[in-house]
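# Results of the structural survey
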Amino acid sequence: QVQLVESGGASVQAGGSLRLSCAASGRIFSINVMGWYRRAPQRERELVATITSGGVTNYADSVKGRFTISRDNAKNTVFLQMNTLKPEDTDVYSCYADGTSGFRIFRSWGQGTQVTVSS
């Protein structure tokens, strides 16, 4: 079983920055995609950004130019640098990873970390 633990969520003023981190642990053979999703109450989960093991990134249009995703493959960790935060970025941000664990494919989610942006 692969566990994901996020950190870095906080309350900030609009225009501020935050950096989220997510570390994967457990019996990991390889991780393919790592990423961040967000979901406020009463809304569906929304992709924020993903990154492959080779460094190919994908962003939601709403965060392009403001957020940057990166990863440390050696430490099985993914980061999300969030700049120029807006009140509409307020949400619970969850980490995602998929890959192989032993002879099995895994898809894991973190518990989520709250980001609150006030105007």
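Below is a short write-up of the structure. It should be emphasised that the depicted structure is a prediction, and the values quoted were computed from it without experimental measurement.

### What about the overall build of the protein?
A tally of regular secondary structure across the protein gives zero helices and 11 strands. For the protein, the N- to C-terminal ordering of α and β elements is β-β-β-β-β-β-β-β-β-β-β. Its C-alpha atoms give the protein principal-axis dimensions of roughly 50 × 25 × 20 Å. Considering the protein as a whole, with its 119 residues, one finds that 42% of them fall into the buried category. Of the contacts made within the protein by residues no fewer than 6 positions apart, 53% connect residues no fewer than 24 positions apart. For the protein, the exposed area adds up to about 6,500 Å²; of that, 48% sits on carbon and sulfur atoms. When the 13 positive and 9 negative side-chain charges of the protein are each reduced to one mean point, those points stand 6 Å apart.

### As for the pairing of strand β1 (residues 2-7)
Because side chains alternate across β1, one face comprises the buried residues Val2, Leu4 and Glu6, and the other comprises Gln3, Val5 and Ser7, none of which is buried. Bridging between β1 and strand β3 (residues 18-26) involves six bridges; their strand directions are antiparallel. Its bridge partner being in β3, Leu4 is matched across the sheet by Ala24.

### Examining the nonpolar core
Grouped together as the largest cluster of nonpolar side chains are 28 residues, with contacts concentrated most on Trp36, Leu80, Met82 and Tyr93. Contributions of two or more residues to this core are made by β1, β3, β4 (30-39), β5 (46-52), β7 (67-72), β8 (77-82), β9 (91-101) and β11 (113-118). It is β3 that provides the largest number of residues to this core, a total of four residues.

Scoring rules and cut-offs
- Residues numbered from 1 in each chain as written.
- Predicted model: local features only at pLDDT ≥ 70, side-chain atom pairs only at ≥ 80, totals over all residues.
- Heavy atoms only, no water.
- Helix = DSSP H or I, 4+ residues; strand = E, 2+ residues; numbered from the N terminus.
- Buried < 20%, exposed > 50% of the residue type's maximum accessible area, 1.4 Å probe, protein only.
- Contact = heavy atoms within 4.5 Å.
- Areas by Shrake-Rupley, 256 points an atom, 1.4 Å probe, with all protein chains shown as cover.
- Lys, Arg positive; Asp, Glu negative; His and termini not counted.
- Charge placed at Lys NZ, Arg CZ, Asp CG, Glu CD.
- Pairing = 2+ DSSP bridges.
- Core = buried A, V, L, I, M, F, W, Y, C linked by side-chain atoms within 4.5 Å.

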